[in-house]
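What follows is each chain in one-letter form.
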Amino acid sequence: MTTDYRQMWADLGIDLERHDALLGALPPIYQKAYLSQRNRPIGMQFFDFVVGDIHGIRVQELRQHAMNGGKVVATYCVFVPEEIVLAADAIPVGLCAGTQFSVPIAEEILPRNTCALIKSSFGFKLGRICPYVQTSHLIVGETTCDGKKKMFEILAEYHPVHIMEVPNKKSQSSRDLWRGEVAAFKGVIEKLTGNEVTGEGLARATKLVNERRRALQRLYNTRQVRPVPISGKDALLVTQVSFYDDVARCVQQVNALCDEVEGRIAAGEGVFPADAPRILISGSPMAIPNWKLHHLLETAGAVVVCEESCTGTRAFSDLVAENGGTVQEQLRAIADRYMQIHCACFTPNDERLDDIVRLAREYQADGVVHYNLQFCHTYANEAVKVERALAEEGIPLLRIETDYSDEDAGQLRARVDAFLEMIRG
Ligand code: BJ8
């Protein structure tokens, strides 16, 4: 890191001592989880660089945008429509919330028996250790789960927050409510930026975000073949980085990576032996730098071939219709696309069960690992139905409930080993 960044971090109000400790902890973890992998695609070098420079150039870009009068809008959930933010010439940035580092800071205020994702995100703000939060002019929260919803109320004491109401059902009245929330969000963003969200702006932003979705879909499709040409860890990292990198640059880098990985497929090259157990992970999102489960599985001889998760297929599966039209028509198309996200906050949520079974088939998964962050009650309860749906199809399931700490590493290792042993028969 250059000294220029230190000045920038200081200007952003970062607690430099804590921040040094955070950045000091990352390289050995990354070395162990990522750089030690063999036969990685060359295209991953860009993503290695992004992680190595995690609070550097990208923060500088956002800060430059802010100094030029632009706005930065931070989010924690794939329900927040980026298209509207981009259409107003603001920059959306998905905040990370995947590290144990910020959890004890959050526990000074939040109850301990809260999901790690909530505590991690809150701790980043409370401890002033995330330059992305500090750069942002607005955090957009949502009502997807009770813990998050109430955390955002407290977060609003420290940072400007807008909360979108995500309904809990997919009935017509819920859809109407959500359309209203999306329309109101346009007003919030216009007020923040002073820019009007026009039909042209929305069409341009929709096309751009769809391009990123298509690029990620393309990457995921390469994981359906055997032997798999890219590790699950690498694919997860690409998705994680896509939340905060510049959208156009991300599209270009992911497509370049796909060119290379598709070349591997044509040459029959894989990163794991063809008979390595293939695992679909389903459940709670894995915000950067949460690589815990992937690392565990892939160092036990399995390969993760897909994530049915908001840091996976739920982030990019559906496109917004690019039909143009009036601002109202486009907002409606945007709202309707986001209502297709099958988060466990919905009841009923049978579409998610169908997705899991379909993805297990498409990705030739030998087993599914249901990943549940401790104290995430929606996913934990929905896992009961996931288990039944998979049992009907004869697909083995392992349910993992964990947090960001390493305290349960030994126990998880034993359970993963036993699961893989069972799959290998
Ligand atoms: S659309 S999955 S990103 S809410 S914070 S629900 S882990 S207890 S993150 Fe999510 Fe949006 Fe849904 Fe996706 Fe559970 Fe924790 Fe709540 Fe969480």
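Remember, predicted model here, so these are calculated numbers, not experimental data.

What counts, and at which threshold
- Residues numbered from 1 in each chain as written.
- Predicted model: local features only at pLDDT ≥ 70, side-chain atom pairs only at ≥ 80, totals over all residues.
- Heavy atoms only, no water.
- Near = heavy atom within 4 Å.
- Nonpolar A, V, L, I, M, F, W, Y, C, P; charged D, E, K, R; others polar.
- Phe/Tyr/Trp six-rings, centres within 6.5 Å; stacked < 30°, edge-to-face > 60°.
- Helix = DSSP H or I, 4+ residues; strand = E, 2+ residues; numbered from the N terminus.
- Buried < 20%, exposed > 50% of the residue type's maximum accessible area, 1.4 Å probe, protein only.
- Lys NZ or Arg CZ within 6 Å of the ring centre and 35° of its normal.
- Pairing = 2+ DSSP bridges.
- Right-handed = clockwise from strand over helix to strand, strands pointing away.
- Salt bridge = Lys/Arg side-chain N within 4 Å of Asp/Glu carboxyl O.
- Axes fitted to C-alpha atoms, helices over the stretch in contact; angles between N-to-C directions.
- Parallel < 35°, antiparallel > 145°, perpendicular 65-115°, else oblique.
- Left-handed = near helix turned anticlockwise from the far one by under 90°.
- Contact = heavy atoms within 4.5 Å.

Q: Which residues make up the site of the ligand, and what are the values?
A: Residues in close proximity to the ligand total 16 residues, the closest being Cys77, Cys145, Cys310, Cys343 and Cys376. Grouping the amino acids of the shell around the ligand by side-chain chemistry returns 13 nonpolar, one polar and two charged.

Q: An account of the packing of aromatic side chains is requested, with residue identities and associated values reported.
A: Applying the stated rule across the entire model yields 11 aromatic pairs. Geometrically, the ring pair formed by Phe122 and Tyr158 is edge-to-face, given 6.0 Å between the ring centres and 85° between the ring planes. In this pair, Phe122 sits in helix 7 (residues 116-126) while Tyr158 sits in the loop between helix 9 (146-155) and strand 4 (161-164), placing the two residues 36 residues apart along the sequence. Tyr158 sits in the partly exposed class, given a relative accessible area of 36%. Both rings, one in Tyr132 and one in Tyr244, keep their centres 5.3 Å apart while their planes meet at 65°; by these two values the pair is edge-to-face. Here Tyr132 is found in helix 8 (residues 131-135), whereas its partner Tyr244 is found in the loop between helix 12 (232-242) and helix 13 (247-266), with 112 residues between them in sequence. In terms of burial, Tyr132 and Tyr244 fall into one category: buried. Ring pairs connect the aromatic residues Tyr30, Tyr34 and Trp291, which therefore count as one cluster. The cationic tip of Arg223 hangs over the ring face of Tyr220; the distance from NZ or CZ to the ring centre is 4.6 Å.

Q: Tell me what's going on with the pairing of strand 2 (residues 91-94), and back it up with residues and numbers.
A: Residue alternation in strand 2 divides its side chains into two sets, Ile91 and Val93 and Pro92 and Gly94, and both sets are buried. Note that strand 1 (residues 72-75) and strand 2 share four bridges and pair parallel. Counterpart to Ala74 in the pairing with strand 2 is Val93. Handedness of the strand 1-helix 5 (residues 82-87)-strand 2 crossover: right-handed.

Q: Summarise the pattern of salt bridges; cite the residues concerned and give the values.
A: Scanning the entire structure with this criterion turns up 34 salt bridges. Here Arg218 and Asp259 are joined by a salt bridge, their closest N and O atoms 2.6 Å apart. Taken as a pair, Arg218 in helix 11 (residues 199-221) and Asp259 in helix 13 lie far apart in primary sequence, 41 residues in all. The salt bridge involving Arg358 is made with Asp355; its shortest N-O contact spans 3.1 Å. Taken together, the positions of Arg358 and Asp355, both in helix 17 (residues 350-362) and three residues apart, correspond to about one turn of that helix. A relative accessible area of 37% means that Arg358 is categorised as partly exposed. One network of salt bridges, with partners in common, ties together Arg58, Glu61, Asp245 and Arg249.

Q: A description of the packing of helix 17 against helix 18 (residues 377-393) should follow, citing residues and the corresponding values.
A: Where helix 17 meets helix 18, the closest approach of the two axes is 10 Å, and the angle between their N-to-C directions is 50°. It follows that helix 17 is oblique to helix 18 by the angle criterion. Seen along the crossing, helix 17 lies across helix 18 with a hand that is right-handed. Where helix 17 abuts helix 18, its residues Asp350, Arg352, Leu353, Ile356, Val357 and Arg361 lie against Tyr379, Glu382, Lys385, Val386, Ala389, Leu390 and Glu393.

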